[in-house]
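Now for the letters of each chain:
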Amino acid sequence: MDTSRKELVKQIESARDRLNHSIETGAAYDTVYENSKELDCLISQYIAADC
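Description of the overall build of the chain
For the chain, the helix and strand inventory stands at two helices and zero strands. When the backbone C-alpha atoms are referred to their principal axes, the chain occupies close to 35 × 15 × 10 Å. Buried positions account for 18% of the 51 residues belonging to the chain. With an accessible surface of roughly 3800 Å², the chain has 53% of that area assigned to carbon and sulfur atoms. If you average the places of the 6 positive and of the 10 negative side-chain charges in the chain, the two averages end up 6 Å apart.

See the structure below:
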């Protein structure tokens, strides 16, 4: 796995933690939604890097 993919994995894990935390703590819908969008974007980048 090259460095950029490793960095994406780290970013995905961090974004997933932020999303989970915002859900668990009952954050506002907008916050949960933004965290979800960020995670989706990072996952899309990871998948695209696999091509």
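From this point, the narrative continues.
Looking at helix α1 (residues 3-24)
Compared with an ideal rise of 1.5 Å per residue, which puts 22 residues at 32 Å, α1 spans 31 Å between its outermost C-alpha atoms and is within 8% of the ideal. Elements in contact with the buried residues of α1: α2 (29-49). Following α1 by one or two positions, Gly26 adopts a phi angle in the positive range, close to 70 degrees.

Regarding the pattern of salt bridges
All told, the structure shown has two salt bridges when counted by the stated rule. With a closest N to O distance of 2.5 Å, Glu38 and Arg18 form a salt bridge. Here Glu38 is found in helix α2, whereas its partner Arg18 is found in helix α1, with 20 residues between them in sequence. We classify Arg18 as partly exposed; its relative accessible area is 35%. Lys37 is the salt-bridge partner of Glu34, the closest N and O atoms lying 3.5 Å from each other. Taken as a pair, Glu34 and Lys37 lie in helix α2 at a separation of three residues, close to a single helical turn.

A few points about the packing of α1 against α2
It is at 9 Å that the axes of α1 and α2 come closest, and there the two elements cross at 160 degrees. As far as their axial angle goes, α2 and α1 are roughly antiparallel. Seen along the crossing, α1 lies across α2 with a hand that is left-handed. Side by side, α1 and α2 meet where Arg5, Leu8, Val9, Gln11, Ile12, Ala15, Arg16, Arg18, Leu19, Ser22 and Ile23 of the first sit next to Thr31, Val32, Asn35, Ser36, Glu38, Leu39, Leu42, Ile43, Gln45, Tyr46 and Ala49 of the second. Of the residues contributing to the contact of α1 with α2, the split by class is twelve nonpolar, six polar and four charged.

Reading the values: the criteria
- Residues numbered from 1 in each chain as written.
- Predicted model: local features only at pLDDT ≥ 70, side-chain atom pairs only at ≥ 80, totals over all residues.
- Heavy atoms only, no water.
- Helix = DSSP H or I, 4+ residues; strand = E, 2+ residues; numbered from the N terminus.
- Buried < 20%, exposed > 50% of the residue type's maximum accessible area, 1.4 Å probe, protein only.
- Areas by Shrake-Rupley, 256 points an atom, 1.4 Å probe, with all protein chains shown as cover.
- Lys, Arg positive; Asp, Glu negative; His and termini not counted.
- Charge placed at Lys NZ, Arg CZ, Asp CG, Glu CD.
- Expected span 1.5 Å × (residues − 1).
- Contact = heavy atoms within 4.5 Å.
- Salt bridge = Lys/Arg side-chain N within 4 Å of Asp/Glu carboxyl O.
- Axes fitted to C-alpha atoms, helices over the stretch in contact; angles between N-to-C directions.
- Parallel < 35°, antiparallel > 145°, perpendicular 65-115°, else oblique.
- Left-handed = near helix turned anticlockwise from the far one by under 90°.
- Nonpolar A, V, L, I, M, F, W, Y, C, P; charged D, E, K, R; others polar.

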